[in-house]
Amino acid sequence: MRFIFLIISFFIFTLNSSFALDVVYPSSKEFTVNAASIYFYGNTNPKSMLRINSESVKLFDDGVFVQVVPLFYGANDITVESVHNGKVERQVFKITRNKPIAEKTLPLSYVPRNKNYFLYTKTINARSTVREKPSKSSKRVIELPKGVVLYLAGQKGDFYKIEENGKTEFWIHKSNIEEPVIVSKRFQAKIKQPENESDKFYNYTKIALSYPVMYTVEQEGKKLILTLYGVKDSNNNTNNSGNLEFVFEDDNQVLGYDGLYEEDKFILRRAKVADKINPYAPLHKVRIYIDAGHGGSEKGAIGPTRVPEKDINLAISKKLIHLLKYKGAIVSYSRMDDSKVNLYDRVDKAKENNAFISLSIHNNSLPPNKNPFITHGCEVYYYNDNAKVLAYIIKNNLSKDLKIKDNGLYKSSYALNRSTNPISVLVEVAYMVNPDEYKKLRSNKFQTEVAKSIAKSLEQFMILLKK
Ligand SMILES: [Zn+2]
């Protein structure tokens, strides 16, 4: 018996002492950064005294601490000490702050194609991204499917410039195309008269082409403008620019839309809203897709007591899914458990389910050189104009209903809000690295309030669409 008692007390003692000071970030003891400050966060025994470099640090609920520590140029020794019952836990960090080194890279020059020949190629990926400039960080123009015929005007680094121009230049990375071949003649695709069709979910305009070409679809207010590049209208010989524009104005508002190729046809698909929206049950039969961010080995942000963002995203999403179903919506989702889902599988699943609206639920973190007491609150991200109103409603309601800081509406491109179909919005409910918000996010009641607020926003959005 005594032996067992000893073993038990040994475990209790070691557990206590090993959990006395848990620094979640920085996660390594020695590293180099180019930042004027860095924030430390983690947890310790709530009854202890915490000091970072002799300065006492405020402890929040559950012994959570978040502290911004200034850095000097060169070596910084930073000591984190937790004192409890006369015992001291100490961790030392060696952080070096370097002066930023200006990157010296030779500017690449643009090499135009030989004037006597043309450069012919085809896209090879299901998402062959066309950009405005020859850089991976440049703005995306469109994601072309596999098999689109392109003529190239020249090369800069790993990017090729496409002969066609819209409002901007079009560039494509070499990994998205077949090895270009030299041809002596440039053809233009022949097109036939567009045909219109529709079903329960969409209006379709189908345009037969002799081969798939580059296209763009742009929203201008209530209008959608489709441009097909390098084409020739077989009924109209006067068109020589090679670009053909089609304007669509189906409704009083642009809803989800996308372009796709099906055999020899280009199809522009536009989502339809139900004819009658019941103001007392505006979500009835509305198809909504909910994506709980991250999952499985992708934990997302880690909170000061090591609760991962993926768990909070899932808890909120489950409550939201439940509530939306209760309100009569037809709900689909990326995950209902802790499984890992690939980013583009999440996007595809929304389309496969013919979702009218897609919401991706996340919680935020910050780069280590920022201050979590200054930057926090809810943020909502949209990318396409057709999602702006919904994003605005969600953000306003969240900050008011939950009494958290309104940290803004942003037009920013992520996989889960880039798609023009469905109407796609990404929500960052609050910050995992702000102690008050982290505490709220873990509470069942708060998670329910988040779900209620988002459901209310979806209802308000649907009522706006009522004819
Ligand atoms: Zn996230």
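Quick notes on the rules
Residues numbered from 1 in each chain as written. Predicted model: local features only at pLDDT ≥ 70, side-chain atom pairs only at ≥ 80, totals over all residues. Heavy atoms only, no water. Helix = DSSP H or I, 4+ residues; strand = E, 2+ residues; numbered from the N terminus. Buried < 20%, exposed > 50% of the residue type's maximum accessible area, 1.4 Å probe, protein only. Donors = N, O, S within 2.8 Å, 3.2 Å for Na, K, Ca; no water. Phe/Tyr/Trp six-rings, centres within 6.5 Å; stacked < 30°, edge-to-face > 60°. Domains from an automatic or database assignment. Contact = heavy atoms within 4.5 Å. Buried area = accessible area lost by both parts, 1.4 Å probe. Salt bridge = Lys/Arg side-chain N within 4 Å of Asp/Glu carboxyl O. Nonpolar A, V, L, I, M, F, W, Y, C, P; charged D, E, K, R; others polar. Pairing = 2+ DSSP bridges. Axes fitted to C-alpha atoms, helices over the stretch in contact; angles between N-to-C directions. Left-handed = near helix turned anticlockwise from the far one by under 90°.

**Structural notes on unusual backbone geometry**
Here Tyr25 and Pro26 are connected by a cis peptide whose omega angle stands at 0 degrees. For Pro26, the position within the fold is in the loop between strand 1 (21-25) and strand 2 (30-33). Each neighbour pair has its own omega, and for Asn421 with Pro422 the value is -5 degrees, a cis peptide bond. Looking at where Pro422 falls in the secondary structure, it is placed in the loop between helix 5 (415-418) and strand 31 (423-431). You will see that Arg306, though not glycine, has its phi angle at about 70 degrees, which is positive. Considering the arrangement of structural elements, one finds Arg306 in the loop between strand 26 (287-292) and helix 2 (309-326). The class of Arg306 is partly exposed, set by a relative accessible area of 43%.

**Concerning the coordination of the zinc ion**
Looking at the zinc ion, the protein donor atoms are His294 (NE2), Glu309 (OE) and His362 (ND1), and they sit 2.1 to 2.2 Å from it. The motif formed by the donor residues of the zinc ion, counted along the single chain, is H-x14-E-x52-H. Of this pair, His294 sits in the loop between strand 26 and helix 2 while Glu309 sits in helix 2, and the two are 15 residues apart along the sequence. The partly exposed category is assigned to His294, whose relative accessible area is 22%.

**Concerning the packing of aromatic side chains**
Considering all chains together, one arrives at 16 aromatic pairs under this definition. For the pair Tyr120 and Tyr151, a centre-to-centre distance of 5.7 Å together with 70 degrees between the ring planes defines the contact as edge-to-face. Highlighted residues: Tyr120 in strand 10 (residues 118-122) and Tyr151 in strand 13 (residues 149-156), separated in sequence by 31 residues. Judged by its relative accessible area of 4%, Tyr151 falls in the buried class.

**Considering the domain arrangement of the protein chain**
Under the domain assignment, the protein chain is made up of domain 1 (2-97), domain 2 (111-183), domain 3 (189-271) and domain 4 (287-464). Facing the 4 residues of domain 2 at the interface are 6 residues of domain 4. For the pair domain 2 and domain 4, the summed buried surface comes to about 410 Å²; carbon and sulfur atoms form 40% of the total. One can count 2 salt bridges joining domain 2 with domain 4. The partner of Arg418 in a salt bridge is Glu143, and the shortest N-O contact between them spans 3.6 Å. For the side of domain 2 that touches domain 4, the class distribution of residues is no nonpolar, no polar and 4 charged.

**A few points about the pairing of strand 19 (residues 202-208)**
Among the 7 residues that make up strand 19, 7 are buried, leaving the element largely enclosed by the rest of the structure. A two-sided burial pattern is seen for strand 19, the buried positions comprising Tyr202, Tyr204, Lys206 and Ala208 on one face and Asn203, Thr205 and Ile207 on the other. Examined bridge by bridge, strand 18 (residues 195-198) and strand 19 share 4 bridges and lie antiparallel to one another. Across the sheet, Glu197 pairs through a bridge with Tyr204, a residue of strand 19.

**A few points about the packing of helix 4 (residues 388-402) against helix 7 (residues 444-464)**
Between helix 4 and helix 7, whose axes approach to 9 Å, the crossing angle comes to 145 degrees. Handedness of the crossing formed by helix 4 with helix 7: right-handed. Facing Val389, Leu390, Ile393, Ile394, Asn397, Leu398, Asp401 and Leu402 of helix 4, the residues of helix 7 in contact are Phe446, Glu449, Val450, Ser453, Ile454, Lys456, Ser457, Leu458, Gln460, Phe461 and Leu464. In the contact of helix 4 with helix 7, the residues fall into 12 nonpolar, 4 polar and 3 charged.

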